[in-house]
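Residue-level structure breakdown
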Amino acid sequence: MSSPRPRPGILEITPYVGGKAGGAGSRPIAKLSSNESPLGPSPKAIAAYRELAGELHRYPDGHCALLRQAIGRRHNLDPAAIVCGAGSDELIGLLVRAYAGPGDEVLYSRHGFLMYPLAALAAGAHPLAAPERSLTADVDALLAHVTSRTRLVFLANPNNPTGSYLPAAELQRLRAGLPADVILVIDAAYAEYANAPDYDSGLELARATSNTVTMRTFSKLHGLAALRLGWMSAAPAIVDVMNRVRGPFNVSLPAQAAGLAALEDVDHAERARSHNATWLPWLSEQLAGLGLRVHPSLGNFVLVEFAAVPGRDAHAANAHLEAMGIVPRQMDAYGLPHCLRISIGLAEENRRVAEALGDFVAGRGAA
Ligand SMILES: Cc1ncc(COP(=O)(O)O)c(C=O)c1O
């Protein structure tokens, strides 16, 4: 008997597994598995969200006009060059579906964000990973993997989960080396945290070229992950395509209102940025001081490498942390089974991580 069959590629998808929320310990859970903001959203964003409780029967503005204007003012962009989405995940999926299909290739770097290959498979396209150098995207390797079938190249800058980044000059070299009909997507989900002087979120490339997309999210610095809100900017032809393929009301009313309030609460955003600027180096130094390899990160998380020794490895470290009520992210799905990714948390959570891993390294079991 025949049965319905999805398009080729769909059954190759291993569904994305988000960060775990809880461990087995008795202490309060420190959820450090999803790179969320430990400070939460701006109180003004929460108020804007609550205010809409009586309006839930209304459709939202399908054009996100006020939000796009505010984003445009903040980043010196034409609001017409901006498309909002239900998280940047939605925009990634829509871009791939609009520009790639069966027989096409979507290129990304080996330890790039997992949604890129998943979105490619969902569209029936072939995800192709270019090797990295020291867990950092390698422009030469990316360019060497371009074929006549390449439609999009995805680069998270800084990258999740490695924390590494490509400086402005390398981004330009990548764009210049790609064929004109290949879209370069610079996913700058962690841009607000990136404080290296040569960091570039791709805004200027998106403004100046016809084939570059830059993408942002409200899920990280602005602490609005639950509401699902992201945006991208690109040349008019790409924006036009996105506006054709997206749902007419893809961003909810509360998400638009809270996003607008979050954008305007510059003080809260600055507190979140400065918290990270204090605790990211602190945690990195503490863990390095324990003899663990900590990869330099420009995001709100650290990638920590463990020995490939049973009982001392990343799986054992994960079990130890979970027993202490700390939930990191295991990295097997990223091809980094010897690593854990740990988001920067509240001060007390960061101290607990350092203490728990200190015990782990010293061979002291979970209490
Ligand atoms: C690099 C990168 N891009 C996109 C996203 C998705 O963000 P959103 O919550 O806006 O879908 C994430 C979330 O972890 C991310 O790390």
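Residues numbered from 1 in each chain as written. Predicted model: local features only at pLDDT ≥ 70, side-chain atom pairs only at ≥ 80, totals over all residues. Heavy atoms only, no water.

Scanning all chains against the criterion turns up three cavities of 30 Å³ or more. There is about 50 Å³ of room inside the largest cavity. Ala137, Leu155, Ala156, Asn159 and Ser164 are, among the 13 residues lining the largest cavity, the residues nearest its centre. A class-by-class count of the residues in the lining of the largest cavity yields six nonpolar, six polar and one charged. (1 Å grid on protein atoms, 1.4 Å probe; cavity = no way out; pocket = protein on both sides within 12 Å on 5 of 7 lines; lining within 4 Å. Points joined across faces, edges and corners; volume = space filled by probe spheres on them. Nonpolar A, V, L, I, M, F, W, Y, C, P; charged D, E, K, R; others polar.)

Helix length check: helix H12 (residues 347-361), at 15 residues, gives a terminal C-alpha distance of 21 Å against a target of 21 Å (1.5 Å per residue), a fit within 8%. Check the buried side of H12 and you find it contacts strand E1 (30-31), helix H10 (266-289), helix H11 (314-323), strand E11 (326-327) and strand E13 (339-343). Backbone geometry just after H12 places glycine 363 at a positive phi near 80 degrees. (Helix = DSSP H or I, 4+ residues; strand = E, 2+ residues; numbered from the N terminus. Expected span 1.5 Å × (residues − 1). Contact = heavy atoms within 4.5 Å.)

A few words on the pattern of salt bridges. All chains considered together, the criterion is met by 15 salt bridges. Linking arginine 151 and aspartate 104 is a salt bridge whose minimum nitrogen-to-oxygen distance equals 3.5 Å. Taken together, the positions of arginine 151 in strand E5 (residues 150-156) and aspartate 104 in the loop between helix H3 (87-99) and strand E3 (105-109) put the pair 47 residues apart, joining distant regions of the chain. In this structure aspartate 104 comes out as buried when scored by relative accessible area, which is 16%. Linked through salt bridges whose partners overlap, the residues forming this network are Asp140, Glu170 and Arg173. (Salt bridge = Lys/Arg side-chain N within 4 Å of Asp/Glu carboxyl O. Buried < 20%, exposed > 50% of the residue type's maximum accessible area, 1.4 Å probe, protein only.)

Our focus in this paragraph is the sheet that holds strand E10 (residues 301-305). What the four strands build is an open sheet, ordered E9-E10-E13-E12; its pairing is antiparallel. If you trace the sheet from one side to the other, it starts and ends with strand E9 (293-295) and strand E12 (329-330), each paired once. Pairing of E12 with E13 involves two bridges; the strand directions are antiparallel. From the neighbouring strand, arginine 329 faces E13, where its bridge partner is arginine 341. (Pairing = 2+ DSSP bridges.)

Scanning all chains against the criterion turns up eight aromatic pairs. For the pair tyrosine 190 and phenylalanine 301, a centre-to-centre distance of 5.1 Å together with 75 degrees between the ring planes defines the contact as edge-to-face. Of this pair, tyrosine 190 sits in the loop between strand E6 (183-187) and helix H7 (203-208) while phenylalanine 301 sits in strand E10, and the two are 111 residues apart along the sequence. You can call tyrosine 190 buried: its relative accessible area is 4%. One aromatic cluster in this structure is built from Tyr16, Phe113, Tyr116 and Phe154. Stacked on the ring of phenylalanine 360, the Lys or Arg arginine 312 has its end atom at 4.5 Å from the ring centre. Of note, arginine 341 hangs over the ring of phenylalanine 301, and the distance from its end group to the ring centre comes to 5.9 Å. (Phe/Tyr/Trp six-rings, centres within 6.5 Å; stacked < 30°, edge-to-face > 60°. Lys NZ or Arg CZ within 6 Å of the ring centre and 35° of its normal.)

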